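Below, each chain spelled out in residue letters.
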Amino acid sequence: MKAFWDAQHQANERLYLTGSNVPMLMTRLRVTDDDCRGRAVLDVGVGLGKMAQHLQALGCEVHCLDISTVALDRVRGFASTYEDPLALPPETFDLAICHLVSQHMAEADLIRMLTGVIASLKDDGMFALQFSISDDPANNDILDDSRERQISGGCCRTASKIVALVTAAGGKCTIFGHDPWPDHRSSWSYAHIRRC
Ligand SMILES: C[S@@+](CC[C@H](N)C(=O)[O-])C[C@H]1O[C@@H](n2cnc3c(N)ncnc32)[C@H](O)[C@@H]1O
């Protein structure tokens, strides 16, 4: 999948990199500018780099995790960069955010990411995670997500699956919202995760 994401970043492919509107993203994740200002914040899944730039403008210590070195090149001038979630520094971040990434991740990769990010939170740190739930139960919680499913963002999971994965990764979580996406026969959901 790294080669796929590198190619999207090299081509500036908006279909896959999204470039989500920052205020909308933060509202969905129930994170405010005041939660971020001056803090050490980890952005997981850089996309076009808009969120990382916003964090820099807020005076944050900006850190970015992405599977793609090309993505990380966008933010290297002002952010610390990480390709491997298990290489993140322990107990370092006040806040971590992850928007439109988990539905592109097979379960083994998501477990790695959750393990690394949860361990990188300070005692009072919080990880705001977006995930996708399919309206069709048969499309949720599939263990061996295919490459096609990862590319299309179809790695959908139930809230109870996310809770189980977070618990196994050393965290505890509150699921707080579901936005329906009827055109995609799914909803996007949001969790706040803390280290146990
Ligand atoms: C759909 S874009 C979302 C970008 C941005 N967060 C947003 O909401 O607009 C997905 C981003 O996650 C990155 N990504 C994909 N798989 C990843 C993984 N396993 N670990 C970390 N980053 C990943 C991609 O390189 C890309 O930057």
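Right above here is the structure, for reference.
Bear in mind that the values here come from a model prediction, so they are computed numbers and not experimental data.

Asker: Help me understand the overall build of the protein, please; the structure alone is not making it clear to me.
Answerer: Tallying secondary structure elements over the protein gives nine helices and seven strands in all. The C-alpha atoms of the protein give a radius of gyration of 15 Å, which matches the 16 Å a tight globule of 196 residues would have. Its C-alpha atoms put the protein at 45 × 40 × 30 Å along the principal axes. Here the protein, with 196 residues, has 39% of them falling under the buried criterion.

Asker: Sorry, what's going on with the sheet that holds strand S2 (residues 61–65) here?
Answerer: Strand pairing within a sheet occurs via backbone hydrogen bonds; the two strands may be parallel or antiparallel. Strand order in the open sheet formed by seven strands is S3-S2-S1-S4-S5-S7-S6, and the pairing between neighbours is mixed. Edge positions in the sheet fall to strand S3 (79–82) and strand S6 (171–181), since each of these pairs with one other strand and no more. Neighbour-to-neighbour, the strand axes of the sheet open up by a mean angle of 20 degrees, direction not taken into account. Note that S6 and strand S7 (residues 186–195) share ten bridges and pair antiparallel. Bridged to glycine 177 within S7 is tyrosine 190.

Asker: Even after reading the chapter, I still don't get unusual backbone geometry, so can you show me in this structure?
Answerer: What is expected of a backbone is that most residues other than glycine have negative phi and most peptide bonds are trans. Even without being a glycine, arginine 30 presents a positive backbone phi close to 55 degrees. Positioned with a positive phi, leucine 100 is a non-glycine residue whose angle comes to about 60 degrees. Tracing the chain through its elements places leucine 100 in the loop between strand S4 (93–98) and helix H7 (107–119). Given 19 C-beta atoms within a 10 Å radius, leucine 100 is considered partly exposed.

Asker: Sorry, what's going on with the site of the ligand here?
Answerer: Not every one of the 23 residues close to the ligand is listed here, only the nearest: Thr18, Ser20, Gly45, Gly47 and Ile67. Looking at the shell around the ligand, the elements that each hand over two or more residues are helix H2 (14–17) and H7. Residue composition of the shell around the ligand, by class: 13 nonpolar, eight polar and two charged.

Asker: Is there a simple way to explain the nonpolar core in this structure?
Answerer: The tendency in soluble globular proteins is for nonpolar side chains to be buried side by side. If you look at the biggest cluster of nonpolar residues, it comprises 50 residues, and the most contacted ones within it are Val41, Val44, Ala96 and Val117. Sorting elements by how many residues they give to this core places strand S5 (residues 121–134) first, with six residues.

Asker: I would appreciate a short explanation of H7 in the present structure.
Answerer: Helical periodicity: at 3.6 residues per turn, an α-helix aligns residues three or four positions apart in one direction. The first and last C-alpha atoms of H7 sit 18 Å apart over 13 residues, in line with the 18 Å expected at 1.5 Å per residue. Where H7 is buried, its residues meet strand S1 (40–44), S4, S5, helix H9 (159–168), S6 and S7.

Conventions adopted
- Residues numbered from 1 in each chain as written.
- Predicted model: local features only at pLDDT ≥ 70, side-chain atom pairs only at ≥ 80, totals over all residues.
- Helix = DSSP H or I, 4+ residues; strand = E, 2+ residues; numbered from the N terminus.
- Rg over C-alpha atoms; globule rule 2.2 N^0.38 Å.
- Buried ≥ 20, exposed ≤ 12 C-beta atoms within 10 Å, placed from the backbone.
- Pairing = 2+ DSSP bridges.
- Axes fitted to C-alpha atoms, helices over the stretch in contact; angles between N-to-C directions.
- Near = placed C-beta within 6 Å.
- Nonpolar A, V, L, I, M, F, W, Y, C, P; charged D, E, K, R; others polar.
- Core = buried A, V, L, I, M, F, W, Y, C linked by C-beta atoms within 7 Å.
- Expected span 1.5 Å × (residues − 1).
- Contact = placed C-beta atoms within 7 Å.

From the geometry alone we can't say anything about function, so treat these as descriptive.
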